There are 2 protein chains.
Amino acid sequence: MTTVDDRTPAVADVSDPSRLAEPDEAISAEELQLATRNHGIPLEALRYDVTPAGLHYLLIHYDIPDVDTTDHVLTVGGAVDRPLAVTLAELRERPRVTHQVTLECAGNGRALLHPRPVSQPWLVEAVGNAEWTGTPLAPLLREAGLGPDAVDVVFTGADHGVERGVEQDYQRGLPVTDALREEVLLAYEMNGAPLLPQHGAPLRLIVPGWYGMAHVKWLRSIEVRTEPFEGYQNAVAYRVRRDTDDPGVPVTRIEPRALVRPPGFPDFMSRRRVVRPGPCTLDGRAWSGHAPVVSVEVTVDGGASWVPAELDPAAGGDFAWRRWRHEWTATPGRYVLSARATDASGRTQPVEQPWNRGGFANNLVQRVEVVVPAE
Amino acid sequence: MTTVDDRTPAVADVSDPSRLAEPDEAISAEELQLATRNHGIPLEALRYDVTPAGLHYLLIHYDIPDVDTTDHVLTVGGAVDRPLAVTLAELRERPRVTHQVTLECAGNGRALLHPRPVSQPWLVEAVGNAEWTGTPLAPLLREAGLGPDAVDVVFTGADHGVERGVEQDYQRGLPVTDALREEVLLAYEMNGAPLLPQHGAPLRLIVPGWYGMAHVKWLRSIEVRTEPFEGYQNAVAYRVRRDTDDPGVPVTRIEPRALVRPPGFPDFMSRRRVVRPGPCTLDGRAWSGHAPVVSVEVTVDGGASWVPAELDPAAGGDFAWRRWRHEWTATPGRYVLSARATDASGRTQPVEQPWNRGGFANNLVQRVEVVVPAE
């Protein structure tokens, strides 16, 4: 046996305290370790209406669990009249619906913050848009018999790990009014195929409009509570706080964001773009979890001037991203491209970034550096 | 028009010179940008014999190109008697074979080097094992009529970009003797499904045993040359050099490597592992592109002592990884786990890392930190 100190270690010893990066601190080894296993959408994949398998962003808190997909059972319990145990086959026999839903990680943009919260270091790419097929949750909850005193519905996944010293199964509570929204799904297919292991096979929750942490993967249990759920992922992790003493507010729906599909072709290392002089269609995607996107503006001069983009029809529905486009005539020079979305609730993207301790719900405009050489 | 300087920019302006990180320099913004779009295998996915879609490592030099997969034509030309233009449908009518092949990025391990070459910052995870289906290349070359003076065969993809100031289609030359190996494939399926866009749809080269750079994706042309190919990816990029003045030697076959599937469960941020006391099967995968793996050794004390692991049968063939396992009885303490592969050519993994300027063909043993708490 090899010990580096004499004390018998405890589970909590695998965790370090949360911290902010020093003002000039580059990405740490532990942030890189997360970046090599989780991944974003390659921005050129914004060309696809529906993100193909393997290109959708992934954020996995612990390990992808080894779930037996054939014998999987979902339990529904807690404050209900009739606890249920439902097999996957039984879920597949229930009414089947498909929703196109844009998912975004609540920490998207974190690595661009100053100071930078040290966690999964996303830039802008933690997003994807997929077709999720499953059965609506609300009828199942009603069959179980939800009492009038129900407050939160707690969803538990099969993934297990430690965060900041707290050992846990991944578990999220959702207010009962949100859990009863008709578009909330128990999903067993993504893009017409059974869920992949990394997307929650064989069953996950889909809460259209909410950031990714709500869409519990590898779902194995649903529990109705008559008191607010105080588990780690609700009470500690996913909160917008000024500092660690601030109780903060829960992270819920996705703030509006637009991304530019980088035009032209890239340099390998810098990812700066080359665009040939002449007509160039700029395009990309825009989404919001609060309300439909109603406008997108584009700048090619780093924000000095903005022009309205055209919006394609919202073919994917209210919870899917929407394509925008703008015809640009590229002339030799250097440019910084950005797009900015506004939704029907009046929310838009800030030009200067508000900051919070966890680096959540950021939606600062993206910057795409482009060189247009002489012909 | 906005220019930050008065000079009309050139294509090469998107590139910066290659460089080594400063001795204490953490991961830079540009390295992070690559890490968020390319991705490794999550190490728990070493549990699968064949890596599922979306979990295989990906290294994309430029953008995933937008290839029309229905009208795709492969040309075979250069120093041949009968130039060919072959449709995908025609390739599918030719003899069909499937090989299980482990692919590893030539830059795997780069981010652990001191000093660190600044490029795609892999730790240990740039690997995957898939079933590739296609038609053998050699008969097609023979049909085209390969002369006795053929030296190199050049494979060109549909991906286009800039590297170190050089604009290029991704293009690799392969010595003709290697191109004529019977197991080299023109692959159109991965794991029984049409290639995904990010894996080279609709057609890629598979060169079993070689690092990833040889397996040209989005393959559109094959050209036989009677002089050695001096393109960027052969003559400049993928070479093992002491310094930038050293012409170096080409990167070719995969050096032996074993990975440990991290046991127990992880901490979110540090990825350190918790293993409960008691019996614990350690396992993982081992591979080499030079010759079959003949032994794997395991250490739980950071390399102070090594014990032989059991090897599962080589069910995937000579070019697929092989599972190893070792029964460990975990008692409370702190451990560093590693595994070390040796192949039939006598090659093994170094305990101290040799270094080269590009950070290629590294195979230093992995280190997995584990805590075993009191029961």
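Just so it is clear, the model here is predicted, and its values are computed rather than measured. Residue numbers here run from 1 along each chain, matching the order of that chain's written sequence. Think of it this way: whatever chain is written first is A, whatever ligand is written first is 1, and the rest follow in order. Local features are withheld for residues below a pLDDT of 70 in this predicted model, meaning they are given only at 70 or higher, and side-chain atom pairs are given and counted only at 80 or more; totals for whole chains, interfaces and linings count all residues. Note that the side-chain values use all heavy atoms of the structure and ignore hydrogens as well as water.

Asker: What is the right way to read the relation of the copies chain A and chain B from this model?
Answerer: One chain copy maps onto the other through a rotation about an axis and a shift parallel to that axis. The copies were overlaid with a least-squares fit restricted to C-alpha atoms from residues scoring a pLDDT of at least 70 in each copy. The transformation that overlays chain A on chain B combines an axial shift of 0.0 Å with a rotation of 180°, and the residual RMSD is 0.0 Å. Here the transformation between the copies is reduced to the relation of a two-fold axis. Minimal C-alpha separation from the rotation axis in chain A is found for Gly54(A), amounting to 1.8 Å. Whether two residues are in contact is decided by their heavy atoms, any of which lying within 4.5 Å being enough. Mapped onto chain B, 100% of the interface residues of chain A again fall at the interface, so both copies present the same surface.

Asker: Which parts of the structure should I look at to understand helix H3 (residues 137-144) of chain A?
Answerer: An α-helical turn contains 3.6 residues, so any two residues separated by three or four positions project in the same direction. All names here are of chain A. Accessible area is worked out with a 1.4 Å probe on protein chains only. A residue is then buried under 20% of its type maximum, exposed over 50%, and partly exposed in between. The secondary structure listing takes helices from DSSP runs of H or I that are at least 4 residues long and strands from runs of E that are at least 2 residues long, numbered from the N terminus. Taken together, the buried positions of H3 are occupied by Leu 137, Ala 138, Leu 140, Leu 141 and Ala 144. Relative to the axis of H3, the buried residues are bounded by an arc of 160° and lie together on one face. Trailing H3 by a residue or two, Gly 145 shows a phi angle of about 90°, which is positive. This arc is built from the directions going out from the helix axis to the C-beta atoms.

Asker: Can you walk me through the domain arrangement of chain A in this structure?
Answerer: The extent of an interface is frequently quoted as the accessible surface area lost upon association of the parts. Residues and elements named next belong to chain A. Examined at the domain level, chain A breaks down into domain 1 (12-250) and domain 2 (257-372). All the domain ranges listed were derived from an automatic or database domain assignment. Here domain 1 and domain 2 have C-alpha centroids that lie 26 Å from each other. Summed over both sides, the interface between domain 1 and domain 2 buries roughly 2800 Å², with carbon and sulfur atoms accounting for 60% of that surface. By convention in these notes, a salt bridge is any Lys or Arg side-chain nitrogen within 4 Å of a carboxyl oxygen on Asp or Glu. Counting across the interface, domain 1 meets domain 2 through two salt bridges. Using a 1.4 Å probe, buried area is obtained as the accessible area two parts lose upon being combined, added over both of them.

Asker: Is there a simple way to explain the sheet that holds strand S6 (residues 166-175) of chain A in this structure?
Answerer: Pairing between the strands of a sheet is mediated by backbone hydrogen bonds and can be parallel or antiparallel. Residues and elements named next belong to chain A. We treat two strands as partners when DSSP finds at least two bridges between them. Strand order in this open sheet of five strands is S2-S1-S10-S5-S6, and the pairing throughout is mixed. The open sheet has two edge strands with one neighbour each: strand S2 (84-87) and S6. Each neighbouring strand pair of the sheet contributes to a mean axis angle of 25°, computed without reference to strand direction. With four bridges connecting them, strand S1 (residues 73-78) and S2 associate as antiparallel partners. Within S2, the position partnered with Thr 75 by the bridge is Ala 85. What counts as an axis is a line fitted to C-alpha atoms, over the stretch in contact for a helix, and the angles between N-to-C directions run from 0 to 180 degrees.

Asker: Just checking my understanding: could you explain the UniProt feature "domain: Oxidoreductase molybdopterin-binding" (unreviewed entry) in chain A for this structure?
Answerer: Taking the numbering used here, the UniProt-annotated feature "domain: Oxidoreductase molybdopterin-binding" (unreviewed entry) corresponds to residues 61-232 of chain A. Helix makes up 11% of residues 61-232 of chain A and strand 40%. Its end C-alpha atoms lie 13 Å apart. UniProt positions are given in the numbering used here, feature names are shortened, and annotations may be inferred rather than shown by experiment.

Asker: Help me out: how do you make sense of the environment of Gly333(A) in this one?
Answerer: All names here are of chain A. Here Gly 333 is to be found in strand S21 (residues 333-343). A relative accessible area of 1% places Gly 333 in the buried class. For the pair Gly 333 and Pro 277, spaced 56 residues apart in sequence, the C-alpha separation works out to 9.3 Å.

Asker: Looking at this structure, how should I read the UniProt feature "domain: Moybdenum cofactor oxidoreductase dimerisation" (unreviewed entry) in chain A?
Answerer: According to UniProt, the "domain: Moybdenum cofactor oxidoreductase dimerisation" (unreviewed entry) feature falls on residues 278-370 of chain A. Structurally, residues 278-370 of chain A is divided into 0% helix and 47% strand, and its ends, taken at the C-alpha atoms, are 14 Å apart.

Asker: Explanation requested: the interface of chain A and chain B in the structure shown.
Answerer: At the interface, 79 residues of chain A touch 79 residues of chain B. Taking both sides of the interface into account, the surface hidden between chain A and chain B amounts to around 7100 Å²; carbon and sulfur atoms contribute 60%. Contact with chain B buries surface across chain A, with Phe268(A), Met269(A) and Arg334(A) losing the most and accounting together for 13% of the total. Viewed at the interface, chain B and chain A are joined by 14 salt bridges. Of the charged contacts in the structure, one is a salt bridge between Asp63(B) and Arg273(A), with a shortest N-O distance of 2.6 Å.

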